[in-house]
Amino acid sequence: VEMEKNLDLDESIVEDIDQQEIFCYLNSEGFIERPEYTNNLKDYVDSEDDNGICLVTAEAGLGKTMLLAKFAMDLKEEYPGKRRYKRFCGASDLSSDIYSLWKSIMAEAEISEDEEFYPKNIDELKRNITPILYAIAGKGDSVIIIDAVNQMPDGVNMIKWFDEIPENLKLI
């Protein structure tokens, strides 16, 4: 597995990204493509009109994680101009709680802790998610994939935080 590393990132963030990349690679192996689902994700990423969230739902064990892992791997080649941030909840040290997960995404996006909107806790994260998303989008066209939020404490409520999503950011 070839890992993407940015030498400017804190070592714990680099390690977390590596863990996510390995998990993604391992979970994309052996995936039997189902074009109707993959095409839905591609259509969402390609859409200029859809600024909502693409929510992938199904019963446990039906392959949501494998679908998203394969899609995340393919994003790198099929959409080379887009920045991708992928988090599989529980797959790495910083993806076991919502606050750490978003801190790692912000670090990967190189959003400074000095920014006025940078959250110091989960409550500030909830209040400041819109400027955070705009800061991420300000780095270029982006796709954020977060898998298994329902497995995190209060994860299912995260969807309620997103009042506004920037045009050049897709959230899966």
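The structure displayed is predicted, hence computed values, not measured ones.

### Let's talk about the overall build of the protein
And then number 1: Check the secondary structure of the protein and you find 5 helices and 3 strands.
And then number 2: Of the regular secondary structure in the protein, the N- to C-terminal order runs α-α-α-β-α-α-β-β.
And then number 3: Computed over the C-alpha atoms, the radius of gyration of the protein is 15 Å, within 12% of the 16 Å expected from 2.2 N^0.38 for a compact globule of 172 residues.
And then number 4: Dimensions along the principal axes, computed over C-alpha positions, put the protein at roughly 45 × 35 × 35 Å.
And then number 5: Residues classed as buried in the protein amount to 44% of the 172 residues present.
And then number 6: When contacts within the protein are restricted to residue pairs at least 6 apart in sequence, those whose partners lie at least 24 apart make up 72%.

### Some words on the packing of helix α4 (residues 98-108) against helix α5 (residues 122-137)
And then number 1: Contact pair α4 / α5: the axes reach a minimum separation of 11 Å and the direction vectors enclose 25°. The angle between α4 and α5 places the two elements in the roughly parallel class. Handedness of the crossing formed by α4 with α5: left-handed. Across the interface between the two elements, Ile98, Tyr99, Trp102, Ile105 and Met106 from α4 touch Ile122, Leu125, Ile129, Ile132, Leu133 and Ile136 from α5.
And then number 2: Across the contact of α4 with α5, the residue classes break down as 11 nonpolar, no polar and no charged.

### Thoughts on the confidence of the model for the protein
And then number 1: Taken residue by residue, the protein gives an average pLDDT of 90. The fraction at 70 or more is 95%.
And then number 2: Under a pLDDT of 50 for its full length, residues 1-7 has, in the predicted model, 15 contacts with residues more than four places off or in other chains.

### A closer look at the sheet that holds strand β1 (residues 83-88)
And then number 1: The sheet built from 3 strands is open, its strands ordered β1-β2-β3 with parallel pairing. Lying at the two open borders of the sheet, with one neighbouring strand each, are β1 and β3 (169-171). Here the strands of the sheet are splayed against their neighbours by 10° on average, with no regard to which way each runs.
And then number 2: As judged from the 3 bridges shared by strand β2 (residues 142-147) and β3, these two strands associate in the parallel manner. Pairing of Val143 across the sheet is with Lys170, part of β3.
And then number 3: Those strands touched by α5 are β1, β2 and β3, and its axis lies near 130° from that of β2.

### A few points about a nonpolar patch on the surface
And then number 1: Judged by side-chain polarity, Ile22, Tyr25 and Leu26 come together as a nonpolar surface patch covering roughly 260 Å² of accessible area.
And then number 2: By secondary structure assignment, the location of Tyr25 is in helix α1 (residues 11-28).

### Re the pairing of β1
And then number 1: Most of β1 sits out of view: 5 of its 6 residues are buried.
And then number 2: As paired strands, β1 and β2 are joined by 6 bridges and run parallel to one another. By the bridge assignment, Arg83 is partnered in β2 with Ser142.

Rules used throughout
- Residues numbered from 1 in each chain as written.
- Predicted model: local features only at pLDDT ≥ 70, side-chain atom pairs only at ≥ 80, totals over all residues.
- Heavy atoms only, no water.
- Helix = DSSP H or I, 4+ residues; strand = E, 2+ residues; numbered from the N terminus.
- Rg over C-alpha atoms; globule rule 2.2 N^0.38 Å.
- Buried < 20%, exposed > 50% of the residue type's maximum accessible area, 1.4 Å probe, protein only.
- Contact = heavy atoms within 4.5 Å.
- Axes fitted to C-alpha atoms, helices over the stretch in contact; angles between N-to-C directions.
- Parallel < 35°, antiparallel > 145°, perpendicular 65-115°, else oblique.
- Left-handed = near helix turned anticlockwise from the far one by under 90°.
- Nonpolar A, V, L, I, M, F, W, Y, C, P; charged D, E, K, R; others polar.
- pLDDT = per-residue confidence, 0-100.
- Pairing = 2+ DSSP bridges.
- Patch = residues over 30% accessible without salt bridge, like charges linked within 9 Å, V, L, I, M, F, W, Y side chains within 5 Å.
- Areas by Shrake-Rupley, 256 points an atom, 1.4 Å probe, with all protein chains shown as cover.
- Salt bridge = Lys/Arg side-chain N within 4 Å of Asp/Glu carboxyl O.

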